[in-house]
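Fold and contact review
Letter by letter, the chains look like this.
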Amino acid sequence: MTAFVPKINRFTVAFGIALAMSAIGAAKAAQQAGLQLREYLTRLVETKTREGGDDLVSRLAVERVATGELSTAELAGLAILLLVAGHETTANMIGLSTLLLLQHPGQLRELRERPELIDDAVEELLRYLTIVRTGLTRAATVDTEIGGHRIAAGDGVIALLSA
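These numbers were taken from a predicted model, which means no experiment stands behind them. (Residues numbered from 1 in each chain as written. Predicted model: local features only at pLDDT ≥ 70, side-chain atom pairs only at ≥ 80, totals over all residues. Heavy atoms only, no water.)

Counted under the stated rule, the structure contains 7 salt bridges. Of the charged contacts, one joins aspartate 55 and lysine 48 as a salt bridge, the two residues approaching to 3.1 Å between their closest N and O atoms. The pair aspartate 55 / lysine 48 is uniform in exposure class, with both members buried. Residue glutamate 63 pairs with arginine 59 through a salt bridge whose shortest N-O separation is 3.2 Å. You can see glutamate 63 and its partner arginine 59 sitting in helix α3 (residues 56–65), 4 residues apart, about one turn around the helix. One continuous salt-bridge network, built from bridges that share partners, spans Glu110, Arg114 and Glu116. (Salt bridge = Lys/Arg side-chain N within 4 Å of Asp/Glu carboxyl O. Buried < 20%, exposed > 50% of the residue type's maximum accessible area, 1.4 Å probe, protein only. Helix = DSSP H or I, 4+ residues; strand = E, 2+ residues; numbered from the N terminus.)

For the pair helix α4 (residues 72–103) and helix α6 (residues 118–128), interaxial distance at closest approach is 10 Å and the crossing angle is 105 degrees. By the angle class used here, α4 and α6 are roughly perpendicular. Side by side, α4 and α6 meet where Met93, Ser97, Leu100 and Leu101 of the first sit next to Leu125, Leu126 and Tyr128 of the second. Class assignment of the residues belonging to the contact of α4 with α6 gives a composition of 6 nonpolar, 1 polar and no charged. (Axes fitted to C-alpha atoms, helices over the stretch in contact; angles between N-to-C directions. Parallel < 35°, antiparallel > 145°, perpendicular 65-115°, else oblique. Contact = heavy atoms within 4.5 Å. Nonpolar A, V, L, I, M, F, W, Y, C, P; charged D, E, K, R; others polar.)

What follows deals with the nonpolar core. Leu37, Leu41, Leu44, Val45 and Leu75 are the most contacted members of the largest nonpolar core, which has 14 residues in total. Looking at this core, the elements with two or more residues in it are α2 (23–51), α3 and α4. Counting 8 residues, the second largest nonpolar core, distinct from the first, contains Leu100, Leu101, Ala121 and Leu129. (Core = buried A, V, L, I, M, F, W, Y, C linked by side-chain atoms within 4.5 Å.)

In this section: the side chain of aspartate 55. Mapped onto the secondary structure, aspartate 55 falls in the loop between α2 and α3. Side chain to side chain, aspartate 55 and lysine 48 meet in a polar contact 3.1 Å long. Reaching out from aspartate 55, the side chain makes a polar contact with the backbone nitrogen of valine 57 at a distance of 3.1 Å. (Polar contact = N/O pair within 3.5 Å; in protein donor to acceptor, adjacent residues only side chain to side chain.)

Have a look at this one:
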């Protein structure tokens with residue numbers, strides 16, 4: 001899996017560069033990088049299905065793809081989801097949390113002096129700096145009112161995670 005990480009970093013950089021380009025160029029570059037990532041992960045799943053390994057993709061390939069429960073394309077798509085939802089958000093939260101603590105040296109000093117506060121600090125940083133703005137979609141089961149707004153039974157609502 002170690003050879004996998006540098007390639008993923010290259011794809012991540014390609015996405016970042018694409019976003020910095022013009023709108024039309026960025027869309028084409030992002031699409032191309034996405035296709036390359038999907039092709040790479042498809043080949044990876046094929047390899048892991050044949051050879052196995054000691055990682056999540058290998059386990060899913062051997063236990064789900066090789067048995068026909070998932071297709072190679074489905075696992076490649078799941079790997080993209082895991083990459084974006086796991087790696088990118090985690091990396092961004094670490095960077096943002098570090099920056100915030102550096103901007104508030106008193107809080108950083110307190111965490112250094114009282115490490116037992118770290119678990120609660122992590123939870124608060126995740127809440128305060130949440131980078132995932134979309135929320136949970138639900139449908140009201142009964143007529144209700146929230147914050148002065150009437151919501152009828154059957155209406156769709158989205159609870160923003162950053163709220």
